[in-house]
Amino acid sequence: MHPKIRGLIAATYTPFTESGELNLGEIPAMVEHLLRWKIAGLYVLGSTGEGCSLLTEERIAVAQAFIQAAGGRVPVIVQVGSDSLRQSQQLAAEAERIGAAAISAVSPVYFKPDSVDCLVESMASIARAAPSLPFYYYHIPAATGVPIAALDFLRAAEIQIPSLRGIKFTSAAIHEYQACLEYAEGSFDILYGQDEMLLAGLSAGAQGAVGSTYNYAAPIYHALIQALEQGRLTDARKFQSHSQALVRAFIPFGPRGAQKEIMRMVGNALPKGQRFDCGPPRLPIMPLTEANRNSLREALQTLGFFRWIGEDADEFAV
């Protein structure tokens, strides 16, 4: 069994030009920014990375760019799921070839698996294409509409998918998450994926967490984790409250477009030579209008977000 991933794993953004083309040259600076913020791993081409909006060759190019930029310093998990299992198999094989640390896959969402057995066989067909890589099922029922319980998947998949390492669990069903953690004497790596509920995930036993806000707000979550480890539960709750307030601030502007705009703000605020710009989202996700960009910045300033992510430890006073 591979060791479990501990710490914050950034669900990375795919950088685009203003015209919607890949902008791979921004990836090295993005990765260095994440490493400075002590990110423990990268989850590439998932929901945050708009993987399902990319061509197959684009997905391979993005994965390779992140793997090269990481240079083995942190594991890179490549999300290969799509509505075409054949495409997912191709992407899995390419991820293995270019040196990914693991692969992950979301369920097809147009023709949805209608049973546990169908879901397991679908994921098994992907995992078999990259037999040397650990496999993580991406459980995100709110997006896929696949209601199959993650625990039921684990029970059925542990034999049929020899490379099964765990689950990227993105759901508020914390009782189900804990059950997955405890299944098979805790042998599977169940990565928690609900940023605004990280404290609940940690309390249930999470060791690793995958999230989009870790790209630009990691200091808040590091402070939360440290407070919890030190037994300062009240402080941990306050840091989680910061995270929840942040999410409430950007949701009205369209969550995916708004988060890319936050990445632009954070990237442009870095010292010269460290800056990056991951650009707008790709349609059908709409970019923010100029008026909404200004309103979002004002909302974040009023909230105290830019102070929260400052490098001075005093900025995290509660």
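Below: a short report on this structure. (Residues numbered from 1 in each chain as written. Predicted model: local features only at pLDDT ≥ 70, side-chain atom pairs only at ≥ 80, totals over all residues. Heavy atoms only, no water.)

1. Focus: the overall build of the protein
Phase 1 of the analysis: Of regular secondary structure, the protein possesses 13 helices and 8 strands.
Phase 2 of the analysis: Relative to the 2.2 N^0.38 estimate, which gives 20 Å for 318 residues, the radius of gyration of the protein is 19 Å and therefore close to what a compact globule would have.
Phase 3 of the analysis: With the principal axes as the frame, the protein shows a C-alpha extent of 50 × 45 × 35 Å.
Phase 4 of the analysis: Looking at the protein as a whole, 55% of its 318 residues are labelled buried.
Phase 5 of the analysis: If you take every contact in the protein between residues at least 6 apart in sequence, the share linking residues at least 24 apart comes to 73%.
Phase 6 of the analysis: Working note: accessible area of the protein is about 13,600 Å², and carbon and sulfur atoms make up 52% of it.
Phase 7 of the analysis: Averaging the locations of the 26 positively and 31 negatively charged side chains of the protein gives two centres separated by 3 Å. (Helix = DSSP H or I, 4+ residues; strand = E, 2+ residues; numbered from the N terminus. Rg over C-alpha atoms; globule rule 2.2 N^0.38 Å. Buried < 20%, exposed > 50% of the residue type's maximum accessible area, 1.4 Å probe, protein only. Contact = heavy atoms within 4.5 Å. Areas by Shrake-Rupley, 256 points an atom, 1.4 Å probe, with all protein chains shown as cover. Lys, Arg positive; Asp, Glu negative; His and termini not counted. Charge placed at Lys NZ, Arg CZ, Asp CG, Glu CD.)

2. Here we look at the packing of aromatic side chains
Phase 1 of the analysis: By the definition in use, this model includes 9 aromatic pairs.
Phase 2 of the analysis: A ring pair is formed by Tyr216 and Phe305, whose centres lie 6.2 Å apart and whose planes are at 70 degrees; its orientation type is edge-to-face. Remark: Phe305 occurs in helix 13 (residues 305-308) and Tyr216 occurs in helix 9 (residues 214-229); sequence separation between them is 89 residues.
Phase 3 of the analysis: Pairing Phe305 with Phe306 gives two aromatic rings, centres 5.2 Å apart and planes at 65 degrees, and the pair type is edge-to-face.
Phase 4 of the analysis: An aromatic cluster of at least three residues, connected via ring pairs, comprises Phe169, Tyr177 and Tyr192.
Phase 5 of the analysis: For the cation-ring pair, Lys168 lies above Tyr43, with the distance from its terminal atom to the ring centre recorded as 5.2 Å. (Phe/Tyr/Trp six-rings, centres within 6.5 Å; stacked < 30°, edge-to-face > 60°. Lys NZ or Arg CZ within 6 Å of the ring centre and 35° of its normal.)

3. Quick notes on the state of the cysteines
Phase 1 of the analysis: This model, assessed by the stated rule, comprises 0 disulfides.
Phase 2 of the analysis: As a non-bridged cysteine, Cys52 has Cys118 as the owner of its nearest cysteine sulfur, 17 Å distant. (Disulfide = S-S within 2.5 Å.)

4. A closer look at the packing of helix 9 against helix 10 (residues 233-250)
Angle between the axes and distance between the axes are the two parameters that describe a pair of packed helices.
Phase 1 of the analysis: The geometry of helix 9 relative to helix 10 is characterised by a closest axis approach of 7 Å and an angle of 155 degrees between their N-to-C directions. Between helix 9 and helix 10, the interaxial angle falls into the category roughly antiparallel. For the pair helix 9 and helix 10, the sense of crossing is left-handed. Residues Tyr216, Ala217, Ile220, Tyr221, Ala223, Leu224, Ala227 and Leu228 of helix 9 form the contact with helix 10, whose own contacting residues are Leu233, Asp235, Ala236, Phe239, Gln240, His242, Ser243, Leu246 and Phe250. (Axes fitted to C-alpha atoms, helices over the stretch in contact; angles between N-to-C directions. Parallel < 35°, antiparallel > 145°, perpendicular 65-115°, else oblique. Left-handed = near helix turned anticlockwise from the far one by under 90°.)

5. A word on the pairing of strand 5 (residues 135-139)
Phase 1 of the analysis: Strand 5 sits mainly inside the fold: 5 of its 5 residues count as buried.
Phase 2 of the analysis: Once the chain exits strand 4 (residues 102-106) it traverses helix 4 (residues 116-127) before rejoining the sheet at strand 5, and the crossover so formed is right-handed.
Phase 3 of the analysis: Pairing of strand 5 with strand 6 (residues 164-169), which is carried by 5 bridges, proceeds in the parallel orientation. Bridge pairing in strand 6 links Phe135 to Leu164. (Right-handed = clockwise from strand over helix to strand, strands pointing away. Pairing = 2+ DSSP bridges.)

6. Regarding unusual backbone geometry
Phase 1 of the analysis: The omega angle of the peptide bond from Leu283 to Pro284 is 20 degrees, so this bond is cis rather than trans.
Phase 2 of the analysis: Considering the arrangement of structural elements, one finds Pro284 in the loop between helix 11 (255-268) and helix 12 (290-303).
Phase 3 of the analysis: Look at Leu45: it is not a glycine, yet its phi comes out positive at around 70 degrees.
Phase 4 of the analysis: By secondary structure assignment, the location of Leu45 is in the loop between strand 2 (41-44) and helix 2 (56-70).
Phase 5 of the analysis: Residue Leu45 is classed as buried on the basis of its relative accessible area, which comes to 1%.

7. Quick word on the packing of helix 1 (residues 27-36) against helix 2
Phase 1 of the analysis: Packing of helix 1 against helix 2 leaves a shortest axis separation of 9 Å and a crossing angle of 50 degrees. Considered as vectors, helix 1 and helix 2 are oriented oblique to each other. Crossing geometry of helix 1 relative to helix 2 is assigned as right-handed. Each of Ile27, Pro28, Met30, Val31 and Glu32 in helix 1 lies in contact with helix 2, whose residues at this interface are Val62, Ala65, Phe66, Ala69 and Ala70.

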